[in-house]
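Results of the structural survey
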Amino acid sequence: MSNEKKPDVDQIIGDYKYGFKTDNVTNIYSTKMGLSRDIIREISAIKNEPQWMLDIRLAAYESFLRIPNPKWGPDLSFINFDDIIYYIKSSDRVENSWEDVPSEIKDTFQKLGIPEAEQKYLAGVTTQFDSEAVYHSTIIELEEQGVVFLDTDSALKRYPELFKQYFGKVVSHADNKYAALNTAVWSGGSFIYVPPGVKIEKPLQSYFRINSEKMGQFERTLIIVDQGASVNYVEGCTAPIYSADSLHAAVVEIFVLDHAYCRYSTVQNWSNNIINLVTKRSLVESYGHMEWIDGNIGSGLNMKYPSCILKGDYAKGTTISIAFAGKNQHQDTGAKMIHIGAHTTSKIISKSIATKGGQVNYRGIVKQEGRALNAKSKIECDTILVDQESQSDTLPTNIVKNFKGQIEHEATVSKVSDAQLFYLMSRGLSLEQATEMIVMGFIEPFARELPMEYAVELNQLIKLEMTGSVG
Amino acid sequence: MSILEIRDLYVAVEDKTILKGVNLTVKGGETHAIMGPNGTGKSTLASVVMGHPKYTILSGSILLDGEDITTLAVDERSRKGIFLAMQAPIEVPGVTNFDFVKTAVQAHMPNDKKLRIGKFILDFESAAQDLQMGTGLAHRYLNEGFSGGEKKRNEILQMKLIKPAIAFLDEIDSGLDVDALRIVGENVTAMKSNDLGMILITHYQRLLDYIEPDFVHIMIKGEIVKTGGKELITKIDVEGYDWLKAELGVTELEEIRKPVSLGTCATKVPLK
């Protein structure tokens, strides 16, 4: 990812350090900079939340203070938690001016062919995306089936019991520092409940959500797929998301009940000034199947390891991911599969690409517990380095705690080979086209899992990012 | 009609000189065969003309229509009309054959012209049919999991669609069974025209039964030592290269082995 494409947003926006003009501050409701118990009470009060949610937020804050940064992986000690605004009321969020959006980002939108209304939404120029008009029929159809699809704040108000039953049950606030932070200050995100036996045929996209809010810093997503139900959820979009907030810490919790199926697809493409620290975890009951389709193209530093806890017998977990690290990018991504039930199976396919000095690591855990007899896991990590400066590490941890488990692990690191380049170039493709084609072929196993329009966008995007990679 | 002129070409790879003064001129409409024992530089010659970065040109020149192309990149040479059907085509996983060939054909068109996709699909399908490659070819990944014969036929398919001016076919016959050889032979012969100059590199006569050359060159130890017509093919097939020893006054031909005589091959009528 070149400087030309994704410049340091801080430099471009200057005064707009937090995404709005300083001379306009009077119109905005936001908490003060930094975090304290009072600020958390304030956030909860603004949202008019029940006491139990405030209690969880406060407990999470204690966890946040107590838990240190992870002792593994990229160094996070530079994050200054006092230098962040933790809550901005979204309806008051001052819109960026279209003129102020960096031209590189506008260019990318143009090249991706994103409609203007959507471009403005993505760039934070408008905070509301009028999905209702566009997706009206889909929304009615979902409601008739009893599907709940709301932003997380509204879900807490309208379905408090359901919410309370599942919230924080697979990602506890004591899990890690950033899950704690998210739990303390979360705002926005998606809430989905699919009733027993309901199979949603079409991919459910986050755009369908009524009055979908601008993507936030501390989103909380909660998905419950009840017995025998199925959903294919697509979060966000592949287009670059321009955000001036430097720290993003989201939590996604998914419950896949008996015989249920959930696929969660996302392609993260935050601008390069973002540190993205996400906890994504699902709990899978008997015969349930969870699939994470996880793309990581953007952000400067990204740590994300979608997990499946395969609790029920015959539960199944799949993670297919790609990570792309360009100039000044560090992708530390992977997957976790925890086998608890017997006959559980898991599969991880990870594809990593590094170019222009980017760093991309695969970090994963596969663990088969004592009771997970006859569990089977397969891990496939492939990395392709486009040039000499780029780096990659594969850091897998595989543990089997019984005598009947099976783990297969394959890892390859390859360079774009001279033989391949010569072959493609001998057919008239330039060095750049040839490299791009080899890389696109490499990520194809991921791209084919995405809905068509996403795959097309993803391909376009990688091509843009590859521009200037060689020669 | 293009003309390729190779003049007094010396080429080395890792300090070892492989080509020692090769001279060859190929015009549109002509078909040349280069024969010779293993390891004498035939494939090197093809790769060097294509521009493989592994080789260093020590001296001499390669001219295409009078222009020296030795400093051009591989893709530039391709776009100027040079083509190399490779001995061992490379596999590129995840890239469909169709996308690849489409990109290649587009690359050969002038910048202001766009490929007409509908017509291209028809051309692709008809070329695939001519080569008897089956209907799924377009969506298979480039050479991945192809049999040896399929890979070779795929090279010819690309050649048909790219329509080069000068084409090297490097051991396009190796790994082909008799039927595949016939298919390849017929397709290559059908491409013959004044707009195409071809250089066939082969050990064996059998390819030349299907594609008739106008000139036959024998290359030994990095040099073209003899040039003639079709009569040379039969002579080599029967006598190997030993007779050249005497003729050339060469005493050491340790690298040279007599090729397997096709007269013993069950699928072929014994040679007279």
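Note that the coordinates shown come from a computational prediction; the quantities given were computed from them, not determined experimentally.

Notes on the sheet that holds strand β12 (residues 223-228) of chain B
All names here are of chain B. Reading across the sheet, the six strands line up as β6-β9-β10-β3-β11-β12 and stay open at both edges, with mixed pairing between neighbours. Each of the sheet's edge strands pairs with one partner strand only, and the pair in question is β6 (82-85) and β12. With strand direction ignored, the average angle separating the axes of adjacent strands in the sheet is 20°. Where helix α5 (residues 148-162) meets the sheet, it contacts β6 and β9 (166-170), and its direction lies at approximately 165° from that of β6.

Thoughts on the interface of chain B and chain A
With 21 residues of chain B in contact, the opposing surface of chain A contributes 18 residues. The set of elements that each furnish at least two residues to the side of chain B that touches chain A consists of α2 (74-79), β7 (92-96), α3 (97-107) and α5 of chain B. Of the residues assigned to the side of chain B that touches chain A, the class counts are 13 nonpolar, six polar and two charged.

Some details on the environment of Glu67 of chain B
Residue and element names in this part refer to chain B. Relative to the assigned elements, Glu67 resides in strand β5 (residues 67-68). Among the residues examined, Glu67 registers 9 C-beta atoms within 10 Å and is labelled exposed. Between the C-alpha atom of Glu67 and that of Ile3, which follows or precedes it by 64 residues, the distance is 10.0 Å.

As for the confidence of the model for chain A
Residues and elements named next belong to chain A. Taken over all residues, the pLDDT of chain A has a mean of 82, while the share at 70 or more is 78%. Here residues 1-27 scores under 50 on pLDDT; set against residues more than four positions off or in separate chains, the count is 49 contacts. Every residue in residues 209-214 is under pLDDT 50, and counting partners more than four places away or in other chains gives 22 contacts.

What about helix α1 (residues 42-50) of chain B?
All names here are of chain B. α1 sits mainly inside the fold: nine of its nine residues count as buried. Taken together, the buried positions of α1 are occupied by Lys42, Ser43, Thr44, Leu45, Ala46, Ser47, Val48, Val49 and Met50. Gly51 sits one or two residues past α1 and shows a positive phi near 100°.

Quick look at the sheet that holds strand β3 (residues 204-205) of chain A
Residues and elements named next belong to chain A. On the basis of which strands lie adjacent, the open sheet formed by eight strands has the order β3-β5-β8-β10-β13-β15-β17-β19 and parallel pairing. Only two strands of the sheet have a single neighbouring strand rather than two, namely β3 and β19 (406-415). When strand β15 (residues 345-354) meets strand β17 (residues 376-385), the two strands line up parallel, connected through ten bridges. Residue pairing for β17: Thr345 is matched across the bridge by Lys376. Docked against the sheet, helix α11 (residues 431-447) engages β10 (289-296), β13 (316-325), β15 and β17, running at close to 155° with respect to β15.

A short note on the pairing of strand β4 (residues 220-225) of chain A
Residues and elements named next belong to chain A. Most of β4 sits inside the fold, with six of its six residues counted as buried. Because side chains alternate across β4, one face comprises the buried residues Arg220, Leu222 and Ile224, and the other comprises Thr221, Ile223 and Val225, equally buried. In this structure, strand β2 (residues 190-194) lies alongside β4, joined through four bridges in parallel fashion. Considered in β4, the bridge of Tyr193 is made with Ile224.

Brief notes about the environment of Gly149 of chain B
Residue and element names in this part refer to chain B. Structurally, Gly149 is set in helix α5. Overall, Gly149 belongs to the partly exposed group, with 18 C-beta atoms counted inside 10 Å. Sequence separation between Gly149 and Gly94 is 55 residues; the distance between their C-alpha atoms is 21 Å. Non-local contacts of Gly149, meaning those with residues more than four positions away in its chain, are made with Gly175, Leu176, Asp177 and Ala180.

Looking at unusual backbone geometry
At Asn328 of chain A, a position not held by glycine, the phi torsion is positive, near 60°. Looking at the secondary structure, you find Asn328 of chain A in the loop between β13 and β14 (330-339).

Some words on the environment of Lys404 of chain A
All names here are of chain A. Tracing the backbone through its elements, the reader meets Lys404 in the loop between β18 (391-400) and β19. Given 13 C-beta atoms within a 10 Å radius, Lys404 is considered partly exposed. Through-space distance from the C-alpha of Lys404 to that of Ile192 is 37 Å; in sequence the pair is 212 residues apart.

Comments concerning the pairing of strand β3 (residues 31-35) of chain B
All names here are of chain B. Summarising burial for β3: five of the five residues are buried, a large majority. Alternating positions in β3 separate into two faces, Thr31, Ala33 and Met35 on one and His32 and Ile34 on the other, with burial throughout. Across four bridges, β3 lies against strand β10 (residues 197-201) in parallel orientation. Considered in β10, the bridge of Thr31 is made with Met198. Two elements, β3 and strand β11 (residues 215-220), share four bridges in a ladder whose sense is parallel. Residue Met35 lies in a different strand from β11, and its bridge partner there is Ile218.

Definitions and cut-offs
- Residues numbered from 1 in each chain as written.
- Chains lettered and ligands numbered in written order.
- Predicted model: local features only at pLDDT ≥ 70, side-chain atom pairs only at ≥ 80, totals over all residues.
- Pairing = 2+ DSSP bridges.
- Helix = DSSP H or I, 4+ residues; strand = E, 2+ residues; numbered from the N terminus.
- Axes fitted to C-alpha atoms, helices over the stretch in contact; angles between N-to-C directions.
- Contact = placed C-beta atoms within 7 Å.
- Nonpolar A, V, L, I, M, F, W, Y, C, P; charged D, E, K, R; others polar.
- Buried ≥ 20, exposed ≤ 12 C-beta atoms within 10 Å, placed from the backbone.
- pLDDT = per-residue confidence, 0-100.

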